[in-house]
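Chain by chain, the residues run as shown.
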Amino acid sequence: MSLMRSMLLAASQNRWLRERATHYSFVRGAVSRFMPGETLDDALGAAQTLRKKEIGTVFTHLGENIRDRSEARQVMQHYLEVLERIREGGLRAEISVKLTQLGLDLSPDLCFEHLKAIVERAREDSIVWVDMEASNYVDATLDLYRRALTEHSNVGVCLQAYLHRTKDDLAKLLPLRPSIRLVKGAYNEPPEIAFQHKRDVDENYFELGKQMLHARKENKCVRPAFGTHDGGLIRRLADFASAEGFAKKDFEVQMLYGIQRAEQERLARDGCTSIVLVAYGSYWYPWFVRRLAERPAKLWFMVRNVFAG
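Conventions adopted
Residues numbered from 1 in each chain as written. Predicted model: local features only at pLDDT ≥ 70, side-chain atom pairs only at ≥ 80, totals over all residues. Heavy atoms only, no water. Axes fitted to C-alpha atoms, helices over the stretch in contact; angles between N-to-C directions. Helix = DSSP H or I, 4+ residues; strand = E, 2+ residues; numbered from the N terminus. Parallel < 35°, antiparallel > 145°, perpendicular 65-115°, else oblique. Left-handed = near helix turned anticlockwise from the far one by under 90°. Contact = heavy atoms within 4.5 Å. Nonpolar A, V, L, I, M, F, W, Y, C, P; charged D, E, K, R; others polar. Polar contact = N/O pair within 3.5 Å; in protein donor to acceptor, adjacent residues only side chain to side chain. Pairing = 2+ DSSP bridges. Core = buried A, V, L, I, M, F, W, Y, C linked by side-chain atoms within 4.5 Å. Buried < 20%, exposed > 50% of the residue type's maximum accessible area, 1.4 Å probe, protein only.

Draft legend 1. Structural context of the packing of helix H6 (residues 108-121) against helix H7 (residues 138-151). For the pair H6 and H7, interaxial distance at closest approach is 11 Å and the crossing angle is 40 degrees. As judged from the angle between their axes, H6 and H7 are oblique. Judged by the twist between their axes, the crossing of H6 over H7 is right-handed. In contact with Pro108, Asp109, Cys111, Phe112, Leu115 and Lys116 of H6, H7 contributes Leu144, Arg147, Ala148 and Glu151. By residue class, the composition of the contact of H6 with H7 is six nonpolar, no polar and four charged.

In C-alpha cells form, the structure reads like this:
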C-alpha cells in the first residue's frame, strides 16, 4: 500500500480533520466533483441527467456508525422516501445502504428490521444494495445479507477484492443465488487481512470477477456488477464476458459520480449496463477522503486550488 494512500485512509477517520476540513471552501469545491450536492433533490436531479444518457443510478445517503435508535429509524424512513421519489420520477434507480447507518452497532435485529422494511418497499425488479464496510463488519454484514436473501431476492451485497477472505465468502454465497457488486476496497486494513499491493488486488479482482460471471452463466449469481474505475480491469472482464457469450447488456459496471464520465458514457453507448453511484448528504468527509485514497492524484487537484487562492 502506498504511503499516500495509508495517510489518506488514516485521515478519513480523524475527527479533528473532519470537523475542520468541511469548513474550507476549496475542500467543498473538490467534493462537488464527486457528488452533485448534499440533498436528495440534488441527487435526483443528477439521476435525471444521467437517464438522458442511458445511464442508471444508485443512490446512497452518506453516513455510518449511528448509535442512536431514533437516528437509525430516521435513516430507514429517509430511504423509504427515496424509493417513493424514484417511483414518482420514473427513474431507473436503486439504493445502496450501510448497515451501520441502519443501527448495526446498536443491534443486528434492529438493523435487520430496518433493512427488511426498505427491501420490502423497493420494486421487485430492482436491487437494494448492502454496502460492505471495514473488515470487522464483514461477518455481521454477510449474516444479515443471508437472512434478508432468504426472504427477498431483490437484495445484493458488496464484496471487497482486497480482502484475503473474499474468495471463500463468494463461494459460500453462490448457493443462495446472490446479487454481488465487486469493488476493490477502501479501508485501511493490515497485511494479514488485505492485499497491500495494487497488482495483487487487481489479480484477485479479475479472478473473482470471472467466478461471478461463470456463476451468472450457471444461474448461481442473479446479478454480477463490477464497481471499479480501472479501465484495464473493465476491458479484461468485458473481453472475458464476450468470450463466454454474454450479451453486452449483461455486463454491468458501476462507477462513482464524477469519475471517468467519458467511460461511463462509452459503456452506455456500447450497450453495456452503465450505473453511477450518486452519493449525497452532509456527512461526506470520511467518504470523500476514502475516494481520494483510491485516486491519490486527486489530492494535488485540491492543493493547486489552495495556492490558486
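Anyway, onward from the coordinates.
Draft legend 2. Fine view of the environment of lysine 198. With respect to the helices, strands and loops of the structure, lysine 198 is situated in helix H9 (residues 198-217). As a C-alpha pair, lysine 198 and lysine 184 span 14 residues in sequence and 9.3 Å in three-dimensional space. If we ignore the near neighbours within four places in the chain, the residues touching lysine 198 are Lys184 and Asp230. A distance of 2.5 Å separates the side chain of lysine 198 from the side chain of aspartate 202, its partner in a polar contact.

Draft legend 3. Geometry of the sheet that holds strand E3 (residues 128-130). On the basis of which strands lie adjacent, the closed barrel formed by eight strands has the order E1-E2-E3-E4-E5-E6-E7-E8 and parallel pairing. Ignoring which end each strand starts from, the neighbouring axes of this sheet average 25 degrees apart. The pairing of strand E4 (residues 155-160) with strand E5 (residues 179-183) spans five bridges and is parallel. Bridge pairing in E5 links cysteine 158 to arginine 181.

Draft legend 4. Representation of the side chain of glutamate 94 in the model. Tracing the backbone through its elements, the reader meets glutamate 94 in strand E2 (residues 93-97). Excluding residues within four positions of it along the chain, glutamate 94 makes contact with Thr57, Val58, Phe59, Ile86, Ser126, Ile127, Trp129 and Arg223.

Draft legend 5. How the structure looks around the nonpolar core. By size, the foremost hydrophobic cluster in this structure holds 81 residues, and its most contacted members are Phe59, Ile95, Leu102, Leu115 and Ile118. Every residue in contact with leucine 102, bar those within four places of it in the chain, is listed here: Ala72, Val75, Met76, Val97, Leu110, Cys111, His114, Leu115 and Ile118. In this structure, Phe34, Trp129, Ile259 and Leu277 belong to the second largest nonpolar core, which totals 12 residues.

Draft legend 6. Structural context of the environment of glutamate 192. Note on placement: glutamate 192 falls in the loop between E5 and H9. With 29 residues separating them along the chain, glutamate 192 and leucine 163 place their C-alpha atoms 9.1 Å apart.

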